[in-house]
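Residues per chain, in single letters:
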Amino acid sequence: MNEQLKTGIALIASFFLTFAGASRILTSQLEDMALWTAWVFLITGVIGITANGLKWKRINRASQTSSQKRNHK
């Protein structure tokens, strides 16, 4: 499994965490989840989205520069 795929999976998981936390906070449908757990999900999801998004951007930028170097040789 390459680094880009791992980062993409982590990014999707962070979106799911954020969505689960936000849906519990905004609606009262998930009664099994405590409110503080929803806040933890929301905060960690946003941190994960930010970190994995930056990592994804860095990986894409590195792969573009390496492919450009290969094309110039």
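Our structure's up above, just so we're on the same page.
Residues numbered from 1 in each chain as written. Predicted model: local features only at pLDDT ≥ 70, side-chain atom pairs only at ≥ 80, totals over all residues. Heavy atoms only, no water.

Draft legend 1. Representation of the side chain of Ser-14 in the model. Tracing the chain through its elements places Ser-14 in helix H1 (residues 3-26). Sequence-distant contacts of Ser-14, defined by excluding residues within four places in its chain, comprise Gly-45, Gly-48, Ile-49 and Asn-52. (Helix = DSSP H or I, 4+ residues; strand = E, 2+ residues; numbered from the N terminus. Contact = heavy atoms within 4.5 Å.)

Draft legend 2. Summary view of a nonpolar patch on the surface. Side chains of Leu-35, Trp-39, Ile-43 and Ile-47 sit close together on the surface and give an oily, nonpolar patch of about 410 Å² of accessible area. Relative to the assigned elements, Ile-47 resides in helix H2 (residues 35-72). According to the relative accessible area criterion, Ile-47 is exposed, its value standing at 53%. (Patch = residues over 30% accessible without salt bridge, like charges linked within 9 Å, V, L, I, M, F, W, Y side chains within 5 Å. Areas by Shrake-Rupley, 256 points an atom, 1.4 Å probe, with all protein chains shown as cover. Salt bridge = Lys/Arg side-chain N within 4 Å of Asp/Glu carboxyl O. Buried < 20%, exposed > 50% of the residue type's maximum accessible area, 1.4 Å probe, protein only.)

Draft legend 3. Fine view of H1. In this model, H1 (24 residues) spans 34 Å end to end at C-alpha, consistent with the 34 Å of a helix rising 1.5 Å per residue. Here H1 has its buried residues at Thr-7, Gly-8, Leu-11, Ser-14, Thr-18, Gly-21 and Arg-24. (Expected span 1.5 Å × (residues − 1).)

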